[in-house]
Amino acid sequence: MPRSATEKPAKTNAHRPSPAAHRAGGDRPSAQLSREQIVDLYYWMRLTRTLEERLVALYRQTKVVGGLFRSLGQEADAVGCAYALERRDIMSPLIRNMGAMLVKGATPVEILKQYMAKGDSPTRGRELNIHFGDTDRGFIGQISPLGDMIPVMTGVTMTFKMRKQDRVGLVFIGDGATSTGAFHEGINFAAVQKCPLVVIVENNGYAYSTPTVKQTAAKQFVDKAIGYGVPGEQADGNDVLAVYDVAKRAVDRARRGEGVTLVELMTYRRKGHAEHDNQSYVPDGEIERWATENDPLTRYIDRLRDDFSVTPAEIEQIDERARRVVDEATDEAEKSGLPQALDALNGVYADPPAEKPLWFREGSASVVDQHERPVGWGVFDHTAEKEH
Amino acid sequence: MAEITYLEAIREALFEEMERDVNVFCMGEDIGKFGGAFKVTEGLIEKFGEERVIDSPISEIALVGAAAGAGHMGMRPVVEMQFIDFLANAYDILTNYVATARYRAFLPCPMVVRGPSGGYVRGGPFHSQNPEAGFIHTPGLKVVYPSTAEDAKGLMKAAIRDDDCVLFFEHKYLYRRVKAEMPAGDHVTPIGKARIAREGKDLSIITYASTVWKSLEAAEILEKEDGLSVEIIDLRTLNPLDDDAIQTTTRKTNRVLVVHEDTRTGGLAGEITARINETSFAWLDAPVLRVTAHDVPLPYAPSLEDYVLPQTADIVRAARSLAAY
């Protein structure tokens, strides 16, 4: 039974990962958000979760043709960071920042089409999952070799500086990718050049199966800021308002010409690296503890009720809206077909605009044209295997 | 107009392009006040300031990545590798990020990565490399490697204006050894077009960069001593290859020798040989032969380096055996 709006919530840090390290100082920009914006933050987190749940269903139906990556439990850090940006700013998200992309204007139908490799997906079926971007809406898709986006965003924000534009960049990196050379070179160069760049280190506990204790001997990632001569702040990544506050402070610093800030957000990856990962390496009870004690949506619903008088009915309306948006997007995405095979040869370069088909493919529009059934693709026969 | 060196020609192209287009800027190690290890960028910082001539940390990944990011935003960065050998440090971001950006994400990377390349200078294993083959193999990158001062300037201007990433290999042996008068006006050499360095009818040498000059020396000897008329094709652009030029000379002389300074296995000569085999086998009077470096890291001592790298005498010997086939 919901408590009344007047009843004070039990404000405890007990379930937070590292309260002592919560050294984020200064003002709280979230105090300036309107009630509408406060509620909006919830919508984006809910939309993220609902959309990912739909993707799981589609994955199980084999309609998602590749891997599926979840951000369950990390919705607050993605949404809160992106909410601190203006449209003209450029963000580089990671695989677990779908929520940030939604805030920045990516649509559920685009994401669904990407996962389903549709011909009219943002990358026309060339890239997977949420690896896509749009510089007009202000996001640049990541690539799989982790860390590379830091140097790229150094260049993006160096351009803002050279052109004296009132724009900033924000780049996400995981705990694991802080071990790459690209991270080090990129943040160091950006720091030297005083680029208007915010570097968000999402510490979700694991890089694939590797826990942070095997990733770094540093006690906390925020300490790395010292080595680069930039301010560092750490915040509770599962508290969307705390995320917004720390991100907004860093964004404002960048906009004022004060250069790079490194932000560490403490969160937790409740699903595996991808859907196939059974998380056998996670200690018993850890995932359940985070799910029951520190779910960013549950926590925010409590907060909305206690501090902003948002009723359960209002929450239910938002949840319904997210479901409707995802339903409509799914219907829309399912209508599209796979790309035309020959489109594979277009656009490697501006000039020449297309590669020529190799002679053994000349005159055929696809592999299927040539072989009614691709040679060597049989049906796996379990009985035959047993006989061996 | 006075003659200028290959190195000065590159510098002149940088000056002219930075003057022409405010989006062009340079980044690299020691390229500012110091003017770069070989002085290619000398004078740029005085003229364009440190906002457009950026001295960077020793960070090849950051340089290439930042160039890509700036390119996405409409800039046209020119990155210097202090030695092209250090391009290997940026191999991931160049091949995985830059080369794929247009194709997978419709993000252009109009950028140039340039640097001193090649041997014959007693530079040892890390200041003498010719790593072009690894990048030619990567769809999405263009690769040029001029042999003359005119082309050094013209190709640099074309590379800066190209809408994709161009790797610009500069031969450090040629930097101050070859000179030419620059063509008047806005001199741009088109990317993807080879040049006939010498006309001939008996056999063809397909080559690029330093070995164009060694092939020219060889051709003189072959003409004088053997009465052979040798045609020399200077590829200039290594990706995309000028298939028409390769095919035309093959079908004209019917005997082809491919020469490069790079090591043999997996080198460009193998690719050229395969293409000739696929398109012009019936025109050949002899198998396509290769003169290349030996498959070893490049050693320092003159006696070692000269043995490993292809020399004029090697080209003469190979051409004779091809002519006699």
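**Concerning the overall build of chain B**
Reasoning step 1: From N to C terminus, chain B includes eleven helices and 14 strands.
Reasoning step 2: Against the compact-globule benchmark of 20 Å for 325 residues, chain B has a radius of gyration of 19 Å, which places it among compact chains.
Reasoning step 3: Taken over the C-alpha atoms alone, chain B extends approximately 60 × 40 × 40 Å along its principal axes.
Reasoning step 4: Taking all 325 residues of chain B together, the buried fraction comes to 56%.
Reasoning step 5: A sequence separation of at least 24 residues applies to 80% of the contacts in chain B between residues at least 6 apart.

**With respect to the overall build of chain A**
Reasoning step 1: In terms of helices and strands, chain A carries 13 helices and seven strands.
Reasoning step 2: The burial tally for chain A puts 47% of its 388 residues in the buried class.
Reasoning step 3: A separation threshold of at least 6 residues defines the contact pool for chain A, and within that pool the share at least 24 residues apart is 76%.

**Some words on the interface of chain A and chain B**
By a widespread convention, an interface's size corresponds to the accessible area lost as its parts come together.
Reasoning step 1: Facing the 32 residues of chain A at the interface are 29 residues of chain B.
Reasoning step 2: Of all the elements in the fold, those that place two or more residues in the side of chain A that touches chain B are helix H5 (149-162) and helix H6 (181-192) of chain A.
Reasoning step 3: Top contributing element to the side of chain A that touches chain B by residue count: H5(A), with nine residues.
Reasoning step 4: Split into classes, the residues belonging to the side of chain A that touches chain B amount to 16 nonpolar, eleven polar and five charged.

**A word on the domain arrangement of chain A**
Reasoning step 1: What the domain assignment lists for chain A is domain 1 (19-335) and domain 2 (347-387).
Reasoning step 2: The straight-line distance from the C-alpha centre of domain 1 of chain A to that of domain 2 of chain A is 37 Å.

**Observations regarding the packing of H5(A) against H6(A)**
Residues and elements named next belong to chain A.
Reasoning step 1: Between H5 and H6, the shortest axis-to-axis distance is 7 Å and the interhelical angle comes to 20°. Looking at the two axes, H5 sits roughly parallel to H6. Between H5 and H6 the crossing geometry is left-handed. On H6, the residues touching Ile150, Pro151, Thr154 and Thr157 of H5 are Ala182, Phe183, Glu185, Gly186, Ile187, Phe189 and Ala190.
Reasoning step 2: Residue composition of the contact of H5 with H6, by class: seven nonpolar, three polar and one charged.

**Examining the confidence of the model for chain B**
Reasoning step 1: On average, residues of chain B score 98 in pLDDT, and 100% of them are at 70 or above.
Reasoning step 2: Reported for the predicted complex are a pTM of 0.93 and an ipTM of 0.96.

**Focus: the nonpolar core**
Reasoning step 1: Residues A:Val79, A:Val198, A:Val199, A:Val263, B:Val64 and B:Ala319 are the most contacted members of the largest nonpolar core, which totals 199 residues.
Reasoning step 2: The element best represented in this core is helix H8 (residues 240-255) of chain A, accounting for ten residues.
Reasoning step 3: Ignoring anything within four residues of it in the chain, the contact list for B:Ala319 reads B:Leu203, B:Ala218, B:Leu222, B:Leu228, B:Val230 and B:Leu257.

**Details of the domain arrangement of chain B**
Residues and elements named next belong to chain B.
Reasoning step 1: Split by domain assignment, chain B resolves into domain 1 (3-181) and domain 2 (195-324).
Reasoning step 2: Between domain 1 and domain 2, the C-alpha centre-to-centre distance is 26 Å.
Reasoning step 3: Listed by partner, the interface residues are 25 residues for domain 1 and 21 residues for domain 2.
Reasoning step 4: Elements represented by at least two residues in the side of domain 1 that touches domain 2 include exactly helix H5 (132-136), strand E6 (142-144), helix H6 (149-161) and strand E7 (166-171).
Reasoning step 5: In terms of residue class, the side of domain 1 that touches domain 2 is made up of 13 nonpolar, eight polar and four charged.

**Digging into the sheet that holds strand E11 (residues 230-234) of chain B**
Residues and elements named next belong to chain B.
Reasoning step 1: Spatially, five strands are ordered E9-E11-E10-E13-E14 in an open sheet, and the strand pairing comes out mixed. The open sheet has two edge strands, strand E9 (195-198) and strand E14 (289-293), and neither has a second partner. The mean inter-strand angle of the sheet, taken between neighbouring strand axes irrespective of direction, is 25°.
Reasoning step 2: Strand direction decides the pairing type here: strand E10 (residues 203-207) and E11, joined by five bridges, are parallel. Bridging from a neighbouring strand, Thr207 pairs with Asp234 of E11.
Reasoning step 3: Strands E9, E10, E11 and strand E13 (256-263) of the sheet are contacted by helix H7 (residues 210-226), whose axis makes an angle of about 175° with E11.
Reasoning step 4: Sheet strands in contact with helix H8 (residues 243-253) are E10, E11 and E13, and its direction is about 160° off that of E10.

**Points about the sheet that holds E6(B)**
All names here are of chain B.
Reasoning step 1: The seven strands are arranged E3-E2-E4-E5-E7-E6-E12 in an open sheet whose pairing can be described as mixed. Each end of this open sheet is capped by a strand with a single partner; those strands are strand E3 (53-55) and strand E12 (237-239). Averaged over neighbouring strand pairs, the angle between their axes works out to 20° when direction is ignored.
Reasoning step 2: As judged from the five bridges shared by strand E2 (residues 24-28) and strand E4 (residues 76-80), these two strands associate in the parallel manner. In the strand pairing of E4, Gly28 is matched with Glu80.
Reasoning step 3: The sheet contacts of helix H3 (residues 60-72) involve E2, E4 and strand E5 (112-117), and relative to E4 the element is tilted by about 170°.

**Some details on the packing of helix H1 (residues 35-60) of chain A against helix H2 (residues 75-83) of chain A**
Residue and element names in this part refer to chain A.
Reasoning step 1: Orientation of H1 relative to H2, taken along the N-to-C sense of each, is 135°, at an axis distance of 9 Å. Accordingly, the angle class assigned to the pair H1 and H2 is oblique. Between H1 and H2 lies a crossing of right-handed hand. Counting all contacts with H1, which are made through Leu41, Trp44, Met45, Thr48 and Arg49, the residues of H2 involved are Glu75, Ala76, Ala78, Val79, Gly80 and Tyr83.

**With respect to H6(A)**
Residue and element names in this part refer to chain A.
Reasoning step 1: Taking 1.5 Å per residue as the helical rise, H6 with its twelve residues ought to reach 16 Å, and the 17 Å between its terminal C-alpha atoms agrees with that figure.
Reasoning step 2: Among the twelve residues that make up H6, ten are buried, leaving the element largely enclosed by the rest of the structure.
Reasoning step 3: Of all the residues in H6, the buried ones are Ala182, Phe183, His184, Glu185, Gly186, Ile187, Asn188, Phe189, Ala190 and Ala191.
Reasoning step 4: Remark: Lys194 follows H6 within two positions and exhibits a positive phi of approximately 55°.

**Quick word on the pairing of strand E2 (residues 169-174) of chain A**
Residues and elements named next belong to chain A.
Reasoning step 1: Counting buried positions along E2 yields six of six residues, so the element is predominantly enclosed.
Reasoning step 2: In E2, alternate side chains face the same way, and those of Gly169, Val171 and Ile173 on one face and Leu170, Phe172 and Gly174 on the other are all buried.
Reasoning step 3: Of the strand pairs in this sheet, strand E1 (residues 90-92) and E2 are connected by three bridges, and their pairing is parallel. If you follow Ser92 over to E2, its bridge partner there is Val171.
Reasoning step 4: In this sheet, strand E3 (residues 197-203) lies alongside E2 in parallel orientation, the contact comprising six bridges.

**Considerations on unusual backbone geometry**
Reasoning step 1: Residues A:Asp351 and A:Pro352 are joined by a peptide bond in cis, for which omega reads 5°.
Reasoning step 2: Position of A:Pro352 among the secondary structure elements: in the loop between helix H11 (312-335) and helix H12 (367-370).
Reasoning step 3: Omega for the peptide link from B:Asn239 to B:Pro240 comes to 5°, which places this bond in the cis form.
Reasoning step 4: With respect to the helices, strands and loops of the structure, B:Pro240 is situated in the loop between E12 and H8.
Reasoning step 5: In this structure, A:Gln279 takes a positive phi of about 60° despite not being glycine.
Reasoning step 6: In this fold, A:Gln279 is placed in the loop between strand E7 (261-266) and helix H9 (286-293).
Reasoning step 7: With 14 C-beta atoms packed within 10 Å, A:Gln279 lands in the partly exposed category.

The rules behind the values
- Residues numbered from 1 in each chain as written.
- Chains lettered and ligands numbered in written order.
- Predicted model: local features only at pLDDT ≥ 70, side-chain atom pairs only at ≥ 80, totals over all residues.
- Helix = DSSP H or I, 4+ residues; strand = E, 2+ residues; numbered from the N terminus.
- Rg over C-alpha atoms; globule rule 2.2 N^0.38 Å.
- Buried ≥ 20, exposed ≤ 12 C-beta atoms within 10 Å, placed from the backbone.
- Contact = placed C-beta atoms within 7 Å.
- Nonpolar A, V, L, I, M, F, W, Y, C, P; charged D, E, K, R; others polar.
- Domains from an automatic or database assignment.
- Axes fitted to C-alpha atoms, helices over the stretch in contact; angles between N-to-C directions.
- Parallel < 35°, antiparallel > 145°, perpendicular 65-115°, else oblique.
- Left-handed = near helix turned anticlockwise from the far one by under 90°.
- pLDDT = per-residue confidence, 0-100.
- Core = buried A, V, L, I, M, F, W, Y, C linked by C-beta atoms within 7 Å.
- Pairing = 2+ DSSP bridges.
- Expected span 1.5 Å × (residues − 1).

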